[in-house]
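Structural description and commentary
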Amino acid sequence: MKFSNFFIPTLKENPSDARIVSHILMLKSGMIRQETSGIYSWLPLGYRVLKKIIKIIEDLHELYEVNQILMPTIQSSEIWKKSGRYDTYGKEMLRINDRHSKELLYGPTNEEMITALGKQHIKSYKSLPQYFYHIQSKFRDEIRPRFGVMRAREFLMKDAYSFDINENEGVKTYYRFFRLYLKIFKSMGIPIVPVRALSGEIGGSLSHEFHLIVDSGESEIFLDKSILESDLEKLKDEDLKNLNSFTDEYYKNNKISIKLEKFRSIELGHIFLFGDKYSKSFDFNIEYENKKLTPFMGSYGIGISRIPAAIIEHSSDERGILWPEEVSPFEVVIINLINDSDETNKVSNDLYQNLKSKNIDVIYDDRNERPGIKFSDSDLIGIPIQIIIGKNLINDGNVTLKFRKDGKEINLTNDKVLDIIIKKLKNNK
RNA sequence: CGGGGAGUAGCGCAGCCUGGUAGCGCAUCUGUUUUGGGAACAGAGGGUCGCAGGUUCAAAUCCUGUCUCCCCGACCA
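Along each chain, numbering runs from 1 in the same order as the chain's sequence is written. Working convention: letters from A go to chains and numbers from 1 go to ligands, in the order in which they are written. It should be noted that, the model being predicted, local features are given only for residues of pLDDT at least 70 and side-chain atom pairs only at 80 or more, the latter also being counted only at that level, while totals for whole chains, interfaces and linings use all residues. Hydrogens and waters are ignored; side-chain quantities use all the structure's heavy atoms.

Attention now goes to the sheet that holds strand E5 (residues 94-97). Read across the open sheet, the three strands follow the order E4-E6-E5; overall the sheet is antiparallel. Looking at the sheet topology across the chains shown, the edges are occupied by strand E4 (74-76) and E5. Neighbour-to-neighbour, the strand axes of this sheet turn through a mean angle of 40°, independent of strand direction. Each pair of strands is called paired provided DSSP finds at least two bridges between the two strands. Only DSSP runs of H or I with at least four residues qualify as helices, and only runs of E with at least two residues qualify as strands; both kinds are numbered from the N terminus onward. Two strands pair when backbone bridges link them, and E4 and strand E6 (residues 103-106) are joined in this way by three bridges, in the antiparallel orientation. Following the sheet pairing, Ile74 is matched in E6 by Tyr106. Each axis is a line fitted through C-alpha atoms, and for a helix only the stretch in contact is used; angles between axes span 0 to 180 degrees, taken between their N-to-C directions.

So, in structure tokens, the structure goes:
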């Protein structure tokens, strides 16, 4: 993408409505636009980040043999009456009537719908286990939306659901998703911490949340610091179960007496093993060894649209955002400082075309703007690698490779840049 | 829902107390000069002052109602 064609309404001044750094930077960098309280449009820059996150989630769910589907955002009240949650869910649920006065709702989650789907189509125990997921907008009518997309009312969520023949198998599936989650966040460059949690509204016995530790986080967690350094993917199910890390709620309710450290954090994922709560209320039964079997279920959520904000909370400086390469809207930005030089134009353009042909996400700042503006925009939007092309090219045939995170600069002849960037990005993949 | 704050040009704000018909910075447009860290000068365009009603010769300003947004608290990915 050329910067001159890229729609990116950046702001020079801090928006008056934003308080926390991620909200400020997302508005300033033109990632999002508020439509009304707690409801946002994703503009090109923001949507690119979102799509990177979605791609990682999709690829890894595919790797874990989870079926991707797409359920509707609008649901009928009937299935919610069946589970009993139409009454208990409360005002968080946005209820709508259609022209025939039929009661509809904008789904806050999909346990009921997936259970109805399972009941209709899963007819034999031999087809279990079954795993499904989808990525879709949800609506929860929060009492007070805040912090931009961090606590929005409409938000994008990945929610997966599992059906197993019994609790034993359900627990295996649960830890399968647990590991999948560790892998997903690792692939996004996010140091995630799993914590034992209460199940809340969804119900059930086993539940974990996946948190990112940041000082501005809304949640509080208690944990044994050694967890932060250990490679959790290598642990056995049993060890994952016994990790010393808890949500504050769980910590207090269960009167945990071990000495643990308290951190502020953002919840990015939540998994539940809730058993037959929904399959039972839907009368979802399968024949098994001449008896009835009620599938054992779990659900596994990731708050996708919250992730970009969480990453920014975790990683920014006074100039702007610092994206991890894995989710950065672009991997490389080419900054051409001299717009009316044939030489810099040619080198910039060639490099741009070459990087694109190697499938590297590159944005080329070809605007007729002053250097200061180009530098500050690049820093603001947080692209990890900058290639600066200007005077040095004309004088010495050099371009400058600059890393957003530490500001380190390397001068190279322009024929070497391509190889070095390709090598660097490949090493991290 | 309780408590607080705010709606004036695309963005950030002043003006309101003490009514006299709207201003500043940034952005935008034109021109000239600039160009390795948010340029300078000259000129130009842009506003139903959130909305409705009232008071008044006259309302951004006073009064009443209403809508929206933000912040603090209880709820949540």
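Read on, since the account is not over.
Let us look at the domain arrangement of chain A. Just so you know, the domain bounds were taken from an automatic or database domain assignment. For chain A, the assigned domains read domain 1 (15-317) and domain 2 (330-427). Measuring from the centre of the C-alpha atoms in domain 1 to the corresponding centre in domain 2 gives 39 Å. For this analysis, residues touch if any pair of their heavy atoms sits within 4.5 Å. The interface is formed by eight residues belonging to domain 1 together with seven residues belonging to domain 2. Throughout, buried area stands for the accessible area (probe radius 1.4 Å) lost by two parts on being put together, summed over both. Here domain 1 packs against domain 2, burying approximately 630 Å² in sum over the two surfaces, 56% of which is carbon and sulfur.

Okay, the packing of helix H2 (residues 44-63) against helix H6 (residues 167-187) next. Between two packed helices, both the angle of their axes relative to each other and the distance between the axes serve to describe the pair. At their nearest, the axes of H2 and H6 sit 10 Å apart, and the two run at 145° to each other. The interaxial crossing formed by H2 with H6 has right-handed handedness. Contact residues: H2 offers Ile56, Ile57, Leu60, His61 and Leu63, while H6 offers Phe177, Leu180, Lys183, Ile184 and Ser187. Under the convention adopted here, Pro, Cys and the residues Ala, Val, Leu, Ile, Met, Phe, Trp and Tyr are nonpolar, Asp, Glu, Lys and Arg are charged, and Gly plus all remaining residues are polar. Partitioning the contact of H2 with H6 into residue classes produces seven nonpolar, two polar and one charged. Helix crossings fall into two classes, left-handed where the near helix is turned counterclockwise from the far one by less than a right angle and right-handed where it is turned clockwise.

This part is about empty space enclosed by the protein. Over the atoms rolls a probe the size of a water molecule, and its path tells where empty space is left. Only protein atoms enter the 1 Å grid used here. Points where a 1.4 Å probe fits but cannot escape make up a cavity, open sets with protein on both sides within 12 Å along at least five of seven lines make up a pocket, and a residue lines them when an atom lies within 4 Å of a point. Grid points are joined across faces, edges and corners, and a volume is the space filled by probe spheres set on the points. Summed over the entire model, instances satisfying the criterion amount to one cavity of 30 Å³ or more. The space that makes up the largest cavity amounts to roughly 40 Å³. Lining of the largest cavity is provided by Ile20, Phe147, Met150, Ser216, Gly217, Glu218, Ile266 and Glu313. The residue makeup of the lining of the largest cavity, split by class, is four nonpolar, two polar and two charged.

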